[in-house]
Amino acid sequence: MEGKPNRSNAAIGNKISFSKKTSKRVWDSIAAYTVQCERCSKWRFIPTKEKYEEIRERLGEQPFFCETAREWRSDLSCNDEPDVIQDGNWRWAIDKPSIPQPPPGWQRILRIRAKGGTKFADVYYVTPSSKRLRSMTEVQSYLIEHPEYPGLTASQFSFQIPSPLEENYVRKRHARSITLHGDTMMPVNPTSWVVPDQSRDLHLGGVGNSTSHVEDPAQS
């Protein structure tokens, strides 16, 4: 995954599924997030999911550089070692740029499916009242039924899922059912999720996290 980044895609990885029954917050299957520098192609951890979503939304117009991360790491530059590299310790996938940030009070949740299924992940939105919406049809119906959200439109939601780089992670279907939507698999200036092994104790919002999801093969 070397070379000059291409802003058309964002790369991601996944790992541990978090579950906290005592919290009202809904957790993703993602433990950490990363973004790739357009200049040096090194991956940088992003500290929170919210910052990752902000970067991902703007990535098509505002490329990410190591200096961008000085917002939370004041001395970072392209001369520093990458925060993570693509190797056998991580499971990588390509995320899509320009996905809108969820509206204030809402959550966009990504759940990674087990290897060998027919789909890599599921996306759903959680409303401020904790209702889960699993499709654009449900979003549109909800907005019609709840006029208290007059400024929201369907264009502020996206159910696009990332594409795993690991071959055969998703069980292949008949060729007619596979659609690439014109995307390439080049993770250039990508955003991504990373999931490290448990011994490194990286989790959403934790110190050293980044915008990329990766899954530890040993955990799958």
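In this text the structure is predicted, and so the values were computed from the model without any measurement.

Procedures and definitions
- Residues numbered from 1 in each chain as written.
- Predicted model: local features only at pLDDT ≥ 70, side-chain atom pairs only at ≥ 80, totals over all residues.
- Heavy atoms only, no water.
- Salt bridge = Lys/Arg side-chain N within 4 Å of Asp/Glu carboxyl O.
- Helix = DSSP H or I, 4+ residues; strand = E, 2+ residues; numbered from the N terminus.
- Buried < 20%, exposed > 50% of the residue type's maximum accessible area, 1.4 Å probe, protein only.
- Disulfide = S-S within 2.5 Å.

S.K.: Looking at this structure, how should I read the pattern of salt bridges?
M.R.: A side chain with one charge may pair with a side chain of the opposite charge, provided their charged atoms come close. Taken as a whole, this structure holds 10 salt bridges when the rule is applied. For Lys 51, the salt bridge is made with Glu 71, and the minimal N-O distance between the two is 2.8 Å. Residue Lys 51 is located in helix α1 (residues 49–58), and its partner Glu 71 is located in the loop between α1 and β4 (92–95); the two are separated by 20 residues in the primary sequence. Residue Arg 113 is joined to Asp 122 by a salt bridge in which the shortest nitrogen-to-oxygen separation is 2.8 Å. Since its relative accessible area comes to 34%, Arg 113 is described here as partly exposed. Three or more residues are tied together by salt bridges with common partners; here these are Lys 51, Glu 54, Arg 58 and Glu 71.

S.K.: Whenever I open this one, the state of the cysteines confuses me. Can you help?
M.R.: Covalent bonding between the sulfur atoms of two cysteines defines a disulfide. The final tally for this structure, using the stated rule, is zero disulfides. For Cys 37, which is in no disulfide, the shortest distance to another cysteine sulfur is to Cys 40 and amounts to 3.6 Å. Just so you know, Cys 66 is unpaired, no disulfide at all, and the nearest cysteine sulfur is the one on Cys 40, 3.6 Å from it.

Just geometry here; none of it tells us what the structure is for.
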